[in-house]
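The primary structure of each chain is shown beneath.
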There are 2 protein chains.
Amino acid sequence: MSTLLETINGPKDLAGLSVEELTQLADEMREFITHSVSQTGGHLASNLGVIETTIAMHRVFDFKKDRLLWDVGHQCYAHKILTGRRDDFAKLRQENGLSGFPNPEESDYDVFSVGHAGTSISTALGLALGAQHNKSDEKIVALVGDASIVNGLSFEALNNLGLAKRQLLIVLNDNSMAIDVTQGAMAKFLAKVRLSHTYEDIRDTTNRILEHLPLVGKRMEEAVENFKRTLRMAITPNRLFESMNIPYFGPVDGHDIGSLIGLFEALAHLHTPAVLHVYTRKGKGYDPADDNPCKYHSTGPFEVNGTSEKPVAAKRGFTAVFSDAIVDLAEKDNRVIAITAAMPDGTGLIKFREKFPDRYYDVGIAESVAVDIAAGMAKQSLRPFVCIYSTFLQRGFDQIFQEVSLQNLPVTFCIDRAGAVGNDGPTHHGMYDLGYLRMLPNMTIAAPADENELKNALALAAAGNTPFAIRYPKDTVPVIAGNDIPYETGKSVRLRHGSSEFAVVTIGPILKQAMEAAAMLETEGISVTVINARFAKPIDPDIFELFTQNKMVLLAEDNSIACGFGAAVIEQALQVAGEPNRQDLHNSISKAVLLGRPDLFVPAAPRSRQLDWMKISAKQIAETIKKLKSQPKTVDKSIQT
Amino acid sequence: MSTLLETINGPKDLAGLSVEELTQLADEMREFITHSVSQTGGHLASNLGVIETTIAMHRVFDFKKDRLLWDVGHQCYAHKILTGRRDDFAKLRQENGLSGFPNPEESDYDVFSVGHAGTSISTALGLALGAQHNKSDEKIVALVGDASIVNGLSFEALNNLGLAKRQLLIVLNDNSMAIDVTQGAMAKFLAKVRLSHTYEDIRDTTNRILEHLPLVGKRMEEAVENFKRTLRMAITPNRLFESMNIPYFGPVDGHDIGSLIGLFEALAHLHTPAVLHVYTRKGKGYDPADDNPCKYHSTGPFEVNGTSEKPVAAKRGFTAVFSDAIVDLAEKDNRVIAITAAMPDGTGLIKFREKFPDRYYDVGIAESVAVDIAAGMAKQSLRPFVCIYSTFLQRGFDQIFQEVSLQNLPVTFCIDRAGAVGNDGPTHHGMYDLGYLRMLPNMTIAAPADENELKNALALAAAGNTPFAIRYPKDTVPVIAGNDIPYETGKSVRLRHGSSEFAVVTIGPILKQAMEAAAMLETEGISVTVINARFAKPIDPDIFELFTQNKMVLLAEDNSIACGFGAAVIEQALQVAGEPNRQDLHNSISKAVLLGRPDLFVPAAPRSRQLDWMKISAKQIAETIKKLKSQPKTVDKSIQT
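Small disclaimer: the values here were computed from a predicted structure and weren't measured.

*Asks:* Pulling in residues and values, what's your account of the overall build of chain A?
*Replies:* Per the secondary structure count, chain A includes 24 helices and 19 strands. Relative to the compact-globule value of 26 Å for 641 residues, chain A shows a C-alpha radius of gyration of 27 Å, a close match. Taking the principal axes of the C-alpha coordinates as reference, chain A spans close to 90 × 55 × 55 Å. In chain A, once contacts between residues fewer than 6 apart in sequence are set aside, the share between residues at least 24 apart is 78%.

See the structure below:
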């Protein structure tokens, strides 16, 4: 079958096509993406929604020279197809394959590698100011969804947009749908605009814009001034953009390629920042995704037009355990409140929302305020649980410092996706939470290794009166024999007593890997001690006693080595070693081995491969111990004088 | 002299006073604050601006039960005076004295200890949602300045304000003045509103609001509905708040106590969040501050109505050195751009702004977007320098991770107020930057110890192609003999060769303290090695060689011990020790001593006292070494088998 799509190997190939052909191309791309995602998994609905907009942008702009910024970036598939990466979709989100997000290492057409929300307008503003300084004339376009524009970072950028005295086009891709329904006043405002007019209105708006922004015959500045005076190019004057003095055009139909091309051609020549408001349908063209865009936001492989996703072996993950446990906890304790930042599904709060709608808050993609709302609630004697992925909680770091840690308030952070996240790659790994949280006084940090520990940690957090963080990875919950020892803040548990000089101390479910490594080594005659630290803060002083036994202690974590759990153990062991009569500790702290993420970004790959890469898989832990064992022994020659 | 002020020992004492008496009280408080700040130093202009508003709030609300949230909080002096802390002003901002910011440990009238911007609306929203859950009826009031409301956190809170189905009053204190002139579109919008009407208009607005919000005779909900329909209570409908569906009242005169009392009484009974826009004059009533509110934002002691501040011995601080050095650099290198977040003066950019207005950007209190604008500029081959205090840069942590470190872009962070900051206290210390920055791959972190090192670090940063951070404290620049050794990325320098087993390795100007300690110890016959690490990342491997010499190594930093410089040295020394044939390192890493901030908040006090408290003053370093020397020696018994 010969298709138009097969003839497109770069944006230049769009040049000769008629609007009808481009529309056909959009249909083919829709089919291609649906088929491709059904094979590999990936983001579906958002990508189906922006195909026509993407085609029109690439037809009008030359993004070899012009710059296109994506926000969050999971909607860039059409862009990748059009920029020579069609064939790479067979390895979408695979190791050494095509990233699911923009990635400058993959293509010059990708400007920033992104994954967090609200960066498109802010970085576009930086590019525009840079171009202003360089006196270069490239066009800059930011495509931002209605879910991302409510982020504080977007607002800060909009508030400063006036710094740019040149072209900068913001395309507001409005599908009334973040990953879940977009929250907040701005979403309501956009929805009201949406409901207040007909399809004919939208066509009229498009025509009115094109009429007022002619490409020839009138000076653009004059046209813009005219626009500013009349504000007639929008159906409803958009008060938000108006109050910020940002020219606003729209809303227009985001699936009408012909009109979009005209609009981009006209708007490309504005010498001022401007917003084009585009209506799209998330999931457009693939019925199940169109009907259920939330489910098909990010999906595993599925059968195209089948009744459901391909069945995947249903192993229970940490998110699922949390999902049940937080409901149980809330049933017992009326003070429990759950807060999410646009991730009710990803963080496991759907059940909670159904059961306790009055105790559930979704603030949209706005992690900073999620933390502060929790701080306020904690002041009111409630027990708020803030459920945010590790990497996104970085947005709340300063709030965790000032409003939670400094006030010593009982806010609990339920940190999903802590550690390696698999195919989403570097923008999404949770590699820093142990560091950025353990620096803060008053904080307790638990890293449950299994189902019971997660439940116990939640119960401890609710019962306590101080800041609490619970981190767990995007992984299935291991079952670990012998780990059912009473759970107590700051207490570690020893799961294996080894006779060799080797001990492995783990934080979180890496315990499973350590236990498997120990079992492997046992068969080779190496008997290893395994300790589950359970807490990254406070560190159990019992762990230091390993050093007095002259053990070689491997400290393993699914987190950056820098500032991580291992570093915490060493820092505190050194403090203890400095106390009078604790010279027993001096002997072997030096023989600690830190295992975790080195000072590099972990590439996209299956999570199991990433653990291997970080040398914290069972196999790698065993290898490390065997290597250490084979090293020439030290005869310790240090006798202090 | 008997004054009204002397009769006010708590908000209850306001009850019997007439509007005339309250106005007299405001005058007395103005005099009291001016006199008090002239003695102790502190924030002047902002406090003079909100006296009448504060009196009116305390007259109407009962903040024993009701809750008053301050934003940034440096404008809380009148509030402190009215809540029984008048006599404590003699020790304003002194050790064990009155904090310059709200502090719950000081008074139940202070809800959060704050210092960062944008938290008042967000925490007020949390309190309101908590009250909603608790079905309690306390009134909640947030007072936010026009500078803070442009912060992304404020916006996120405003966008989510609809979650509260109850009273929540936001008082927008608009003095058209952040610490410097407020930046951005919103500031322009507010200024336009301000210029578009007369004093009579404002009086009319006040009367119209009071007429439409009667306290008796009509149901409040009805009044609000009526208000929402007509939007007639504002001179200009405020489009920003309108687009967010937030009832907006104003602007009104923030120095008219009588009207303010009426307004607060009326608005207190609204069953919905609302904004009251209040015009004030920063510095009102003290002429020099009124004329120059920027200078008198935060001041040292000065002569009341004298011509200038009391002369303070003019020692050159790091900020001053930076101020000159960045101008010099920009003269040589056209790619150098400076970005600040509302702190041109504090970060030392006034000269730069004067000299290079086109290469200077102030984005307002919006640290997140400051980082992203820099990232965009760096993509355009420029060399942006982002100048933000350590504690406020925490707001940009996620942006530094994704937009700078992950993209490996040459953005330089000039981090003033790194380490202990003195009297501003816990909200302002820069204790975490070494941790949150060194976790990030690609980052270089320099901590200059003196003037030349700061200049050299800036030059290195501009010449490089990767992320760079330069941290320096709020302190005078020491002159350190022998430190003029060529400056090279990641290279430390040895300033003293000691014959004893003690070595001190420092990062930043704590070097001075270590040198002084060494000099003291020399007189007592202890000869100490002193090394200036210069860089916290990368760590110079030469430092590890100290361990091979079986030294007792003190690692001293003006930063949290957790995740700090010392931890970095140990982490990396352990990595090296794990390499084949490096068992020589095994002997003494255990004898490292980490000096810096323990896991506690450093109280407000003079910086010198804080260094003492952290045991990194010359005296404390010397004491530590003497104590270690007197400890019983270890005979090392570890012989591995």
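Now that the structure has been shown, we can carry on.
*Asks:* Could you give an account of the domain arrangement of chain A, with specific residues and numbers?
*Replies:* Many authors give the size of an interface as the accessible area that is lost as the parts come together. Residues and elements named next belong to chain A. Domain parsing of chain A yields domain 1 (18-291), domain 2 (318-471) and domain 3 (493-630). Here domain 2 and domain 3 have C-alpha centroids that lie 26 Å from each other. Opposite the 24 residues of domain 2 that make contact, domain 3 presents 28 residues. Where the side of domain 2 that touches domain 3 is concerned, the elements lending two or more residues are helix H18 (433-438) and strand E12 (444-446). Classifying every residue of the side of domain 2 that touches domain 3 gives 12 nonpolar, 7 polar and 5 charged.

*Asks:* Please give an account of the interface of chain A and chain B that cites residues and values.
*Replies:* Taken residue by residue, the interface counts 110 residues in chain A and 109 residues in chain B. Here the residues of the side of chain A that touches chain B are counted per class, giving 55 nonpolar, 38 polar and 17 charged.

*Asks:* Please give an account of the packing of helix H8 (residues 199-212) of chain A against helix H11 (residues 257-267) of chain A that cites residues and values.
*Replies:* Residues and elements named next belong to chain A. Contact geometry of H8 with H11 gives a least axis separation of 10 Å together with a crossing angle of 35 degrees. Seen along the crossing, H8 lies across H11 with a hand that is left-handed. Where H8 abuts H11, its residues Thr206, Ile209 and Leu210 lie against Ser259, Gly262, Leu263 and Ala266. Considered class by class, the residues forming the contact of H8 with H11 number 4 nonpolar, 3 polar and no charged.

*Asks:* Can you lay out the relation of the copies chain A and chain B for me, pointing to particular residues and giving the numbers?
*Replies:* The two copies are related by a screw motion: chain A maps onto chain B through a turn of 180 degrees and a shift of 0.0 Å along the axis, at an RMSD of 0.0 Å. Here the transformation between the copies is reduced to the relation of a two-fold axis. Measuring from the rotation axis to each C-alpha of chain A, the shortest distance belongs to glycine 152 of chain A, at 1.8 Å.

*Asks:* Summarise the sheet that holds strand E5 (residues 248-253) of chain A; cite the residues concerned and give the values.
*Replies:* Residue and element names in this part refer to chain A. The sheet built from 5 strands is open, its strands ordered E2-E3-E4-E6-E5 with parallel pairing. The strands lining the two open edges of the sheet, one partner per strand, are strand E2 (67-70) and E5. Neighbour-to-neighbour, the strand axes of this sheet turn through a mean angle of 20 degrees, independent of strand direction. In this sheet, strand E6 (residues 273-279) lies alongside E5 in parallel orientation, the contact comprising 4 bridges. Looking at E6, one finds that tyrosine 248 is bridged to valine 275. Relative to E5, H8 is tilted by about 135 degrees, and along the sheet it contacts E5 and E6.

*Asks:* Quick rundown of helix H24 (residues 618-630) of chain A? Include the residues and the values.
*Replies:* Residues and elements named next belong to chain A. For H24, spanning 13 residues, the distance from its first C-alpha to its last is 19 Å, which sits close to the expected 18 Å at 1.5 Å a residue. Regarding H24, the residues found buried are Ala618, Ile621, Ala622, Thr624 and Ile625. Looking straight down H24, one finds its buried side chains confined to an arc of 160 degrees; they lie on one side. Facing away from the buried side of H24 by more than 90 degrees, the exposed set consists of Lys627 and Ser630.

*Asks:* I'd like a rundown of the sheet that holds strand E14 (residues 493-496) of chain A, residues and numbers included.
*Replies:* All names here are of chain A. Across the sheet, 5 strands lie side by side as E14-E16-E15-E18-E19; this open sheet has mixed pairing. For this open sheet the edge positions go to E14 and strand E19 (593-597), each flanked by a neighbour on one side alone. Strand after strand, the sheet turns through a mean of 25 degrees between neighbouring axes, direction not considered. This element, H24, spans strand E15 (502-506), strand E18 (552-560) and E19 of the sheet and lies at about 145 degrees to E18.

*Asks:* Let's hear about the pairing of strand E16 (residues 529-532) of chain B: which residues, and what values?
*Replies:* Residues and elements named next belong to chain B. What you see with E16 is no split at all: Thr529 and Ile531 on one side and Val530 and Asn532 on the other are buried throughout. Here strand E14 (residues 493-496) runs beside E16; their pairing, made up of 3 bridges, is antiparallel. Paired with valine 493 across the two strands is asparagine 532, which belongs to E16.

Reading guide: rules and limits
Residues numbered from 1 in each chain as written. Chains lettered and ligands numbered in written order. Predicted model: local features only at pLDDT ≥ 70, side-chain atom pairs only at ≥ 80, totals over all residues. Helix = DSSP H or I, 4+ residues; strand = E, 2+ residues; numbered from the N terminus. Rg over C-alpha atoms; globule rule 2.2 N^0.38 Å. Contact = placed C-beta atoms within 7 Å. Domains from an automatic or database assignment. Nonpolar A, V, L, I, M, F, W, Y, C, P; charged D, E, K, R; others polar. Axes fitted to C-alpha atoms, helices over the stretch in contact; angles between N-to-C directions. Left-handed = near helix turned anticlockwise from the far one by under 90°. Least-squares fit on C-alpha atoms with pLDDT ≥ 70 in both. Pairing = 2+ DSSP bridges. Expected span 1.5 Å × (residues − 1). Buried ≥ 20, exposed ≤ 12 C-beta atoms within 10 Å, placed from the backbone. Arc of directions from axis to C-beta.

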